[in-house]
Amino acid sequence: MQLLLCFSAALIASAYACTNDPNGVQEKLYWTSCNTADVIQPTNLTVTDNHGNSNYPVDVSKPIVVTALSYSKSQTTYNSVLIDVTLRVWSKIFGCQWITFPTFGLLNNIKQCSNCPLKPGPLTLIASVDLSKYAAIIDAVSSGTPYEIEVKYKNGDSSKHEEIACLLAGVVVLKPSK
């Protein structure tokens, strides 16, 4: 019984020691490259709705458009791009960490190349994700909570679908009340 009480007290203490603002996401978008070895590297990132209006905090009831000014050091031109989107939620339970939010593969291998072909040199990567199509995901999202959105861009021209770019954005999510 004492062990259970000690464990419970430790969990509660770790939850209160956590910040609810990892990387300052309560105030602004945080972003980085997930993989500095990728052939396409971002230099700037914005999140908007499908009309180009700022979408921060991110309203998941509307399409989310992630635009990354980037540079391709590849000598390859990519005519087809697929994206995998991973969502993570900030958790204060078990010691302040990002926990992968289950999407059951619904956000994998999405055809995404509104501005193909992607040629070597400066370019713009655009990923549009409409989570409103996935009611189960939207219903499970907590408003006001920090989330990470990881977008992996893959070569759709190749059967191997090798990763060519990866963007990670830390955001706060809003959803309209029902």
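Everything quoted here is computed from the prediction, not taken from an experiment.

### Some details on the nonpolar core
Of all hydrophobic cores here, the largest spans 35 residues; its most connected members are Ile-40, Val-60, Ile-83, Val-85, Leu-125 and Tyr-153. Contributions of two or more residues to this core are made by strand S2 (40-48), strand S4 (64-72), strand S5 (81-91), strand S8 (121-129), helix H2 (135-140), strand S9 (146-155) and strand S10 (163-174). Top contributing element to this core by residue count: S10, with six residues.

### Quick look at the pairing of S9
Burial of S9 is extensive: nine of the ten residues sit out of reach of the surface. In the sheet, S5 pairs with S9 via nine bridges, with the strands oriented antiparallel. Residue pairing across strands places Thr-86 opposite Glu-150, the latter belonging to S9. Examined bridge by bridge, S9 and S10 share nine bridges and lie antiparallel to one another.

### Digging into the pairing of S4
In this structure, S2 lies alongside S4, joined through eight bridges in antiparallel fashion. Of the residues in S4, the one forming a bridge with Thr-46 is Thr-67.

### A few points about the pattern of salt bridges
The full count for this structure, using the stated rule, is five salt bridges. In this structure, Glu-148 and Arg-88 form a salt bridge, with 3.4 Å as the shortest nitrogen-oxygen distance. Of this pair, Glu-148 sits in strand S9 while Arg-88 sits in strand S5, and the two are 60 residues apart along the sequence. Neither residue differs from the other here; Glu-148 and Arg-88 are each classed as buried. One salt bridge connects Glu-150 with Arg-88, and the closest N-O pair in it is separated by 3.1 Å. Of the two residues, Glu-150 is situated in strand S9 and Arg-88 in strand S5; the sequence distance between them amounts to 62 residues. Considered together, Glu-150 and Arg-88 belong to a single accessibility category, that of buried residues.

### A short note on the state of the cysteines
Enumeration over the complete set of coordinates arrives at one disulfide. Paired by a disulfide, Cys-34 and Cys-166 hold their sulfur atoms 2.3 Å apart. Its S-S torsion of about -70° marks the bond between Cys-34 and Cys-166 as left-handed, since a negative value means left-handed. Here the residue Cys-34 occupies a position in the loop between strand S1 (30-33) and S2, and Cys-166 occupies one in strand S10, the gap between them amounting to 132 residues.

### Brief notes about the packing of aromatic side chains
Summed over the entire model, instances satisfying the criterion amount to two aromatic pairs. Ring centres of Trp-90 and Trp-98 lie 5.0 Å apart, and the angle between their planes is 65°; on these two criteria the pair is classed as edge-to-face. An angle of 80° between the planes, with centres 6.1 Å apart, marks the rings of Phe-101 and Tyr-147 as edge-to-face. Of the two residues, Phe-101 is situated in strand S6 (residues 97-101) and Tyr-147 in strand S9; the sequence distance between them amounts to 46 residues.

### Observations concerning the sheet that holds S2
Strand order in the open sheet formed by three strands is S2-S4-S8, with antiparallel pairing between adjacent strands. In the strand order of this sheet, the two ends are held by S2 and S8, each with one partner. Each strand axis lies, on average, 20° off the axis of its neighbour in the sheet, ignoring direction. One ladder, built from nine bridges, connects S4 with S8; its direction is antiparallel. Each bridged residue has a counterpart across the sheet, and for Tyr-71 the counterpart in S8 is Pro-122.

What counts, and at which threshold
- For every chain, the first residue of the written sequence is number 1, and numbering continues from 1 onward in sequence order.
- Only residues with pLDDT of 70 or above have their local features reported here, since the model is predicted, and side-chain atom pairs are shown and tallied only from 80 upward, although totals for entire chains, interfaces and linings are computed over all residues.
- Side-chain figures throughout are based on the complete set of non-hydrogen atoms in the structure, without hydrogens or water.
- For our purposes a nonpolar core is just a set of buried Ala, Val, Leu, Ile, Met, Phe, Trp, Tyr and Cys residues, chained together by side-chain atoms within 4.5 Å.
- Each residue is assigned to one of three classes by its accessible area relative to the maximum for its type, calculated with a 1.4 Å probe on protein chains only: buried under 20%, partly exposed between the two thresholds, exposed over 50%.
- To qualify as a helix, a DSSP run of H or I must reach at least 4 residues; to qualify as a strand, a run of E must reach at least 2; elements of each kind are numbered from the N terminus.
- Two strands qualify as a pair provided DSSP detects at least 2 bridges between them.
- One speaks of a salt bridge when a side-chain nitrogen belonging to Lys or Arg is within 4 Å of a carboxyl oxygen belonging to Asp or Glu.
- Count a disulfide wherever a pair of cysteine sulfur atoms falls within 2.5 Å.
- Note on ring pairs: Phe, Tyr and Trp rings are taken, using the six-membered ring of Trp, and paired if centres are within 6.5 Å. Classes follow the plane angle, with under 30 degrees stacked, over 60 edge-to-face and the rest tilted.
- Simply put, an axis is a line fit to the C-alpha atoms, just over the touching stretch for a helix, and the angle between two N-to-C directions goes from 0 to 180 degrees.

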